[in-house]
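For reference, the chains in residue letters:
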Amino acid sequence: MSPVKNTPMPDILGSALKAAREARRYERSELAGLCCLSAKMISELEEGGMTSFYSYPLKINAAKRVGNLLNLSESDYLNYPRAPIVSAEGDEEGVIE
């Protein structure tokens, strides 16, 4: 069994990618060219949407490429879900910080 299947996927914080792009004065098309992506892909990373991506893992990889070019740490633009704490009885008690 692949460990990737059990790993929850992070949410992309598009507003963080957009703010970093605008702070560096890149147009979407310019950033797209630098990352070898389309301007529509950049738009969907920032605003949401999946029509330009075959799968969510590919969208995450594109976000990482953009974030790397914008000199962001992954924690700046990816929000990983927290694992629930499960008691001995199997009840969820909270989340691990």
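Residues numbered from 1 in each chain as written. Predicted model: local features only at pLDDT ≥ 70, side-chain atom pairs only at ≥ 80, totals over all residues. Heavy atoms only, no water.

Considering the packing of helix 3 (residues 28-35) against helix 5 (residues 56-69)
- Helix 5 packs onto helix 3 with a crossing angle of 100° between their chain directions and a minimal axis gap of 10 Å. In terms of orientation, helix 3 and helix 5 fall into the roughly perpendicular class. For the pair formed by helix 3 and helix 5, the contact residues are Leu31, Leu34 and Cys35 on the first element and Arg65, Val66 and Leu69 on the second.
- By residue class, the composition of the contact of helix 3 with helix 5 is 5 nonpolar, no polar and 1 charged. (Axes fitted to C-alpha atoms, helices over the stretch in contact; angles between N-to-C directions. Helix = DSSP H or I, 4+ residues; strand = E, 2+ residues; numbered from the N terminus. Parallel < 35°, antiparallel > 145°, perpendicular 65-115°, else oblique. Contact = heavy atoms within 4.5 Å. Nonpolar A, V, L, I, M, F, W, Y, C, P; charged D, E, K, R; others polar.)

Remarks on the state of the cysteines
- In the structure shown here, the tally under the stated rule is 0 disulfides.
- In this model cysteine 35 remains outside any disulfide bridge; the closest cysteine sulfur is found in cysteine 36, 7.7 Å from its own.
- The exposure class assigned to cysteine 35 is buried, which follows from its relative accessible area of 2%.
- Residue classification places cysteine 36 among the exposed residues on the basis of a relative accessible area of 66%. (Disulfide = S-S within 2.5 Å. Buried < 20%, exposed > 50% of the residue type's maximum accessible area, 1.4 Å probe, protein only.)

Description of the side chain of glutamate 44
- Structurally, glutamate 44 can be placed in helix 4 (residues 39-47).
- This buried residue, glutamate 44, is left without a salt bridge; lysine 40 holds the nearest opposite charge, at 4.2 Å.
- Polar side-chain contacts of glutamate 44 include one of 2.5 Å to the side chain of threonine 51.
- In this view, glutamate 44 contacts Gly49, Met50, Thr51, Ser52, Phe53 and Lys59; residues no more than four positions away in its chain are not counted. (Lys, Arg positive; Asp, Glu negative; His and termini not counted. Salt bridge = Lys/Arg side-chain N within 4 Å of Asp/Glu carboxyl O. Polar contact = N/O pair within 3.5 Å; in protein donor to acceptor, adjacent residues only side chain to side chain.)

With respect to the nonpolar core
- Judged by nonpolar contacts, the single largest core of 18 residues is most densely connected at Ile12, Leu17, Leu37, Ile42, Leu45 and Val66.
- Looking at this core, the elements that each hand over two or more residues are helix 2 (14-23), helix 3, helix 4 and helix 5.
- At 4 residues, the largest contribution of residues to this core is made by helix 5.
- Valine 66 has contacts with Leu17, Leu31, Cys35, Leu37, Ile42 and Leu45, leaving out every residue within four places of it along the chain. (Core = buried A, V, L, I, M, F, W, Y, C linked by side-chain atoms within 4.5 Å.)

Concerning unusual backbone geometry
- Its identity is not glycine, yet arginine 25 carries a phi of approximately 60°, on the positive side.
- Mapped onto the elements, arginine 25 comes out in the loop between helix 2 and helix 3.
- Accessibility expressed as a relative area gives 75% for arginine 25, which makes it exposed.
- Even without being a glycine, cysteine 36 presents a positive backbone phi close to 60°.

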